[in-house]
Amino acid sequence: MSGFSNFAVSFTIISILSGCLTLYGFGMNTGGPVMIVWGWPIVGLMTLLVGLAMAEVCSSYPTAGGLYYWAAKLAPSHGPAWSWFTGWFNFLGQVAVTAGIDFGAAFFLNAFLDLQFGFTATPGHTILLFGIILVVHGLLNTFGVQLVARLNDISVWWHVFGVLIIVGALVFLPDKHQSASFVFGEFVNNTGWASGFYVALLGLLLAQYTFTGYDASAHMTEETHDAARSGPRGIVMSIVASLAAGWVLLIGLTFAIQDYESEVASATPPAQIFIDAIGVTGGKLLLLIVIGAQLFCGMSSVTANSRMIYAFSRDGALPYSSFWHRVNKRTRTPTNAVWLAAAGAFVLGLPYLWNTTAYAAVTSIAVIGLYIAYVLPTFLRLHKGEEFQRGPWHLGRWSRLVGTIAVIWVCFIAVLFMLPQVSPVTAKTFNYTPVAVLVVLGFAGIWWLVSARKWFTGPKVQGTDEELAAIERDLGSV
């Protein structure tokens, strides 16, 4: 992969046309326009600090294992334990973010099919489409890294021009727009909670969930030229580009709201806003742009997820590791890891059949799992101090300040997004994020104490140059 392709993977997984729009209805209920519009730059700037701290470590250790490999290298003691738990949090977050992206794509595809063919947006139909999308992404990732890299390059421009088309249409075509005071100052609380401050904080989930997945640039470094520079640049530039373009998208969409009450009550609020603002035909065309972006995003997420699974299982850290880290000799991709990523995502989405807030829970799981894994190496790097060996891309004297703020921010959001999001709390509104996190953490912890601590020694070196050349010859002969 080129440096641009490496950036493209992370930019595509962040996917402002996926995260911003799939949680837009959540934002409309949880804080409303003021939190949608101002929550974005606040979270974006904090995310940039997390990304900068991560990029500095990536430059020192460019490897597919990414976060859990860094934890092992940076830990002053008990390196295998730090690596083990970082890897498991990353695994949870990667699977959840894949589920969130493709689940969002299923929502929007269902909305389009309902408009075009009367395929109603029921939980059963949405789960069916969710499964089909995951299968398609599994098949695409089976064909090889070159196809996926080419599609990722296309995806960047699809997102850029898609945002311009959508915002342009919503600016010039509607007969009326909301006032600036509404867009930048209106607060809405449809959660049932009395505390406006608490609801405003919950509303940050829209932005924080969108800003996930940029660790993909780290996971793809073993397949990228000049990895020690391209990987860090991919992480940082994907956040910066998404911060700018996402803010434009959210402001444009919020100005285009025609009937807040009816649109927030619809199955897919952004789709209803499109239709109300520019008509059914135009709304369908904008929906197709969004669906295309979300499908690109999900494909890239499966790619990054499978590379992390491949690396983690290569080191024996997953049950049946020998099966998951096999490389398909024909396609030269970790095919089994690809299908584990897809299957795990499907399981996380299934509670939507009986839990109306399941999608918000999936996105919370993604945020918590990924960001804890993101910040553990940063915490260890801070502890290492001047002993840390910087790579060619680093923060210089700003390293400690940036890293400290990043750690504090992640601790804050890890607690925040486990809290109840709707009142009263019932079986249908229960935020099952703590359950999913505790199940995975409990499994990893028990396995570590009972067995893994006796044999898991941390990430293994892939091989010498001669061993890698032999693998290439073996694959090349197929």
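Basis of the calculations
- Residues numbered from 1 in each chain as written.
- Predicted model: local features only at pLDDT ≥ 70, side-chain atom pairs only at ≥ 80, totals over all residues.
- Heavy atoms only, no water.
- Helix = DSSP H or I, 4+ residues; strand = E, 2+ residues; numbered from the N terminus.
- Rg over C-alpha atoms; globule rule 2.2 N^0.38 Å.
- Buried < 20%, exposed > 50% of the residue type's maximum accessible area, 1.4 Å probe, protein only.
- Lys, Arg positive; Asp, Glu negative; His and termini not counted.
- Charge placed at Lys NZ, Arg CZ, Asp CG, Glu CD.
- Axes fitted to C-alpha atoms, helices over the stretch in contact; angles between N-to-C directions.
- Parallel < 35°, antiparallel > 145°, perpendicular 65-115°, else oblique.
- Left-handed = near helix turned anticlockwise from the far one by under 90°.
- Contact = heavy atoms within 4.5 Å.
- Expected span 1.5 Å × (residues − 1).
- Phe/Tyr/Trp six-rings, centres within 6.5 Å; stacked < 30°, edge-to-face > 60°.
- Salt bridge = Lys/Arg side-chain N within 4 Å of Asp/Glu carboxyl O.
- Patch = residues over 30% accessible without salt bridge, like charges linked within 9 Å, V, L, I, M, F, W, Y side chains within 5 Å.
- Areas by Shrake-Rupley, 256 points an atom, 1.4 Å probe, with all protein chains shown as cover.
- pLDDT = per-residue confidence, 0-100.
- Nonpolar A, V, L, I, M, F, W, Y, C, P; charged D, E, K, R; others polar.
- Disulfide = S-S within 2.5 Å.

**A look at the overall build of the protein chain**
Within the protein chain, the secondary structure is distributed over 22 helices and two strands. A globule of 478 residues ought to have a C-alpha radius of gyration of about 23 Å, and the protein chain, at 21 Å, matches this closely. The principal-axis extents of the C-alpha atoms in the protein chain amount to approximately 65 × 50 × 40 Å. When the 478 residues of the protein chain are sorted by exposure, 62% land in the buried category. Distance between charge centres in the protein chain, computed from 22 positive and 22 negative side chains, equals 10 Å.

**Some details on the packing of helix α19 (residues 358-384) against helix α21 (residues 433-455)**
Following both chains from N to C, one finds α19 and α21 inclined at 45°, their axes separated by 9 Å at the closest point. In terms of orientation, α19 and α21 fall into the oblique class. In the packing of α19 onto α21, the handedness of the crossing is right-handed. In this structure, α19 uses Ala361, Ser364, Ile365 and Ile368 to contact α21, whose residues at the interface are Thr433, Ala436 and Val437.

**Remarks on unusual backbone geometry**
For the peptide bond that leads from Ser423 to Pro424, omega is 0°, which places it in the cis range. Looking at the element boundaries, Pro424 is found in the loop between α20 (399-416) and α21.

**Thoughts on helix α16 (residues 280-314)**
Across its 35 residues, α16 extends 50 Å between first and last C-alpha, which sits within 8% of the 51 Å expected from 1.5 Å per residue. In the stretch just after α16, Gly316 is the one whose phi turns positive, near 80°.

**Here's the deal with the side chain of Ser364**
Summarising the element assignment, Ser364 is placed in helix α19. Those residues in contact with Ser364 that sit more than four places away from it in its chain are Leu205, Phe417, Gln421 and Thr433.

**Description of the side chain of Thr30**
Structurally, Thr30 is set in strand β1 (residues 30-31). Relative accessible area serves as the criterion here: at 3%, Thr30 is assigned to the buried category. For Thr30, the contacting residues outside a window of four places in its chain are Met35, Val188, Thr191, Val199, Leu202 and Gly203.

**Some points on the packing of aromatic side chains**
On inspection of all chains with the given rule, the structure shows 37 aromatic pairs. Centroid distance Trp88 to Phe91: 5.5 Å. Interplanar angle 80°. Geometry classified as edge-to-face. Within this pair, Trp88 and its partner Phe91 are both found in helix α6 (residues 79-117), separated by three residues, close to a single helical turn. Grouped by ring-pair contacts, the aromatic residues Tyr68, Trp84, Phe85, Trp88, Phe91, Phe312, Phe443, Trp447, Trp448, Trp455 and Phe456 constitute a single cluster.

**So, the pattern of salt bridges**
This model, assessed by the stated rule, comprises two salt bridges. Taken together, the shared-partner salt bridges in this structure form one network comprising Glu56, Arg381 and Arg390.

**Quick word on a nonpolar patch on the surface**
On the surface, Phe4, Trp157, Val160, Phe161, Leu164 and Ile165 cluster together into a nonpolar patch covering about 590 Å² of accessible area. For the nonpolar patch, the leading source of residues is helix α8 (residues 145-172), giving five residues. Residue position: Leu164 is located in helix α8. By relative accessible area, which is 54% here, Leu164 ends up exposed.

**Some words on the confidence of the model for the protein chain**
Put simply, the protein chain has an average pLDDT of 87, and 93% of its residues get 70 or more. Across the protein chain, element-level confidence peaks in helix α9 (residues 180-185) with a mean pLDDT of 96 and bottoms out in helix α22 (residues 465-476) with 56.

**What about helix α15 (residues 269-278)?**
Across the ten residues of α15, seven count as buried, placing the element largely inside the fold. Residues of α15 that are buried include every one of Pro269, Pro270, Ala271, Ile273, Phe274, Ile275 and Ala277, and no others. Gly279 occupies a position one or two residues after α15 and carries a positive phi of about 100°.

**Notes on the environment of Leu48**
With respect to the helices and strands, the residue Leu48 is situated in helix α4 (residues 33-60). Classification of Leu48 as buried rests on a relative accessible area of 19%. Residues Leu48 and Thr457, 409 residues apart in the sequence, show an inter-C-alpha distance of 32 Å. Apart from the residues within four sequence positions on either side, Leu48 is in contact with Val236, Ile239 and Val240.

**Some details on the packing of α4 against α19**
As a packed pair, α4 and α19 sit with axes 9 Å apart at the nearest point and diverge in direction by 60°. By the angle between their directions, the pair α4 and α19 is classed as oblique. Taken as a pair, α4 and α19 cross one another with a handedness that is left-handed. The segment α4 lies against α19, with Thr47, Val50, Ala53, Met54, Glu56 and Val57 engaging Tyr371, Tyr374, Thr378 and Arg381. Here the contact of α4 with α19 is built from residues that sort into six nonpolar, two polar and two charged.

**Side note on the state of the cysteines**
Summed over the entire model, instances satisfying the criterion amount to zero disulfides. Sulfur of Cys58: no disulfide; nearest cysteine sulfur belongs to Cys297 and is 20 Å away.

**A word on the environment of Gln94**
In this structure, Gln94 sits in helix α6. Residue Gln94 is classed as buried on the basis of its relative accessible area, which comes to 3%. Each C-alpha atom of the pair Gln94 and Trp247 lies 25 Å from the other, and the pair is 153 residues apart in sequence.

**Comments concerning the environment of Val199**
Within the secondary structure, Val199 is located in helix α10 (residues 196-202). Taking the relative accessible area as the measure of exposure, Val199 reaches 0% and is therefore buried. Each C-alpha atom of the pair Val199 and Phe187 lies 9.9 Å from the other, and the pair is twelve residues apart in sequence. In this structure Val199 touches Thr30, Gly31, Phe187, Asn189, Thr191 and Trp193, once residues within four positions along its chain are discounted.

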